[in-house]
Amino acid sequence: MPSPKAEFSDAFINFLNDPGIRIERPGTDGATLPEIFVYPDLVPFGQGAAMVSSSGLADPARQEGAVLITGPEDSGKTSLLKSLAVKLLDAGWFPVYLDGREAPVSNPGDVPEAARAAAEAQYTAESSAIVNGPGAKKRALLFDNFDLAPAGAFDPEALARALGGEFALVILTASYPCPAFQNSFSIAEMSRALRNELIRKWVLLRTSDADEIASLAEKARGMVDAVLGKNIVPSY
C-alpha cells in the first residue's frame, strides 16, 4: 500500500527554495534553489570505488539505512539535503530535516523527539500527524551538520543504531570524513559535465532564446574556467 500523501508547510517550502544568496532573475524576486541546483557526484570511501550521483540517494529502489556525506564548508551539503527533501517527498517518503547546530539534542536518544518536533513545523498540521503517526514506515531523517550538535560529534554508527527503529533512511552530513563508517561518501569536485549543467541553468535565468543561450553559455564557461583555474573560488 502506498504511503499517504504529505505536504510541506509554506515556511518549510520557503526554506527549501532559499539558495542562501541573492540571485537576480529579471521579473522575479530572485532565483530559487531548484532553478540553479545541480546534484553533485559523491566519492565512496574505499580504494577504487567509482563516483555516484547524489540524486540516487532519493531513488526508491536504493537500499535503506544510514548514509554519511562529508565535505568542507560551502561544498553544498545543506543545498543537497534541501533538494533531497523535495525529491524524497515526491517519491513517497516522509523526510524530516534537522540541523545539528540548532537541534536540541545532547545524545542520539534525543534525536527522535527533536525530529518529531521538527516535523510539526515542516509539514502542514494534517501531514505532520501522518509523519509522526505510528503507521509512518517511510520516514527519512536528513541530519545536517550532525557533527556540530551541542554535545559534540556523535559516533555515526551509534547514531544510526539509535535511529534504526524510527527512520527507514538516515542521511547525515559532516565536515570531516569517518572512513570507519561503512556507508560514507565525500562530495566530489564539480566535473566539467556538471559545471556545464550549472552554467546552462544560470543562463536560462536570463533568457530563453536559443542563440543567446549558446552565446552566454560559451562566455560563462570561459569565465568559470578562468576563475576556478586561479583558485579564486572553490571548485565545488
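Preceding this section is the structure that the text describes.
So, here's what we can say about the structure. (Residues numbered from 1 in each chain as written. Predicted model: local features only at pLDDT ≥ 70, side-chain atom pairs only at ≥ 80, totals over all residues. Heavy atoms only, no water.)

Counted under the stated rule, the structure contains 4 salt bridges. Residue glutamate 113 is joined to arginine 116 by a salt bridge in which the shortest nitrogen-to-oxygen separation is 3.2 Å. Taken together, the residues span about one helical turn, with glutamate 113 and arginine 116 both in helix α4 (residues 111–122) at a distance of 3 residues. Exposure remark for arginine 116: the relative accessible area of 27% places this residue in the partly exposed category. When the shortest N-O distance is used, the salt bridge between arginine 116 and glutamate 166 registers 3.4 Å. Here glutamate 166 lies in the loop between α6 (156–163) and β6 (169–174) and arginine 116 lies in helix α4, a separation of 50 residues in the sequence. (Salt bridge = Lys/Arg side-chain N within 4 Å of Asp/Glu carboxyl O. Helix = DSSP H or I, 4+ residues; strand = E, 2+ residues; numbered from the N terminus. Buried < 20%, exposed > 50% of the residue type's maximum accessible area, 1.4 Å probe, protein only.)

Before going further, it helps to spend a moment on α6. Taken as a whole, α6 has its buried residues at Pro156, Leu159, Ala160 and Leu163. Down the axis of α6, the smallest arc covering the buried residues is 100 degrees, so these residues share one side. Against the buried residues of α6 lie β3 (65–70), α4, β5 (139–144) and β6. (Arc of directions from axis to C-beta. Contact = heavy atoms within 4.5 Å.)

Looking now at the sheet that holds strand β1 (residues 41–44). Read across the open sheet, the 7 strands follow the order β2-β1-β7-β3-β6-β5-β4; overall the sheet is mixed. At either end of the open sheet lies a strand with only one pairing partner, and these are β2 (52–53) and β4 (94–99). Pairing between β4 and β5: 6 bridges, direction parallel. Bridge pairing links aspartate 99 to aspartate 144 in β5. The strands touched by α4 within the sheet are β4 and β5, with β4 carrying the most contacts at an inclination of about 110 degrees. Across the face of the sheet, α6 comes into contact with β3, β5 and β6 while running at roughly 155 degrees to β6. (Pairing = 2+ DSSP bridges. Axes fitted to C-alpha atoms, helices over the stretch in contact; angles between N-to-C directions.)

The next subject is the packing of aromatic side chains. Scanning the entire structure with this criterion turns up 6 aromatic pairs. Measuring from ring centre to ring centre gives 5.1 Å for phenylalanine 8 and tyrosine 123, while their planes differ by 50 degrees; the resulting arrangement is tilted. Highlighted residues: phenylalanine 8 in the segment before α1 (10–17) and tyrosine 123 in the loop between α4 and α5 (125–131), separated in sequence by 115 residues. Aromatic rings pair up to connect Phe8, Phe12, Phe15, Tyr97 and Tyr123 into one cluster. In this structure, lysine 82 packs its charged tip against the face of phenylalanine 15, placed 4.4 Å from the ring centre. The aromatic ring of tyrosine 39 is capped on one face by lysine 87, whose charged end is 5.0 Å from the ring centroid. (Phe/Tyr/Trp six-rings, centres within 6.5 Å; stacked < 30°, edge-to-face > 60°. Lys NZ or Arg CZ within 6 Å of the ring centre and 35° of its normal.)

Let's shift gears to unusual backbone geometry. Residue aspartate 74 is not a glycine yet carries a positive backbone phi of 70 degrees. Assignment of secondary structure puts aspartate 74 in the loop between β3 and α3 (77–90). The class for aspartate 74 is exposed, based on a relative accessible area of 66%. A positive phi angle, close to 50 degrees, is found at asparagine 145, a residue other than glycine.

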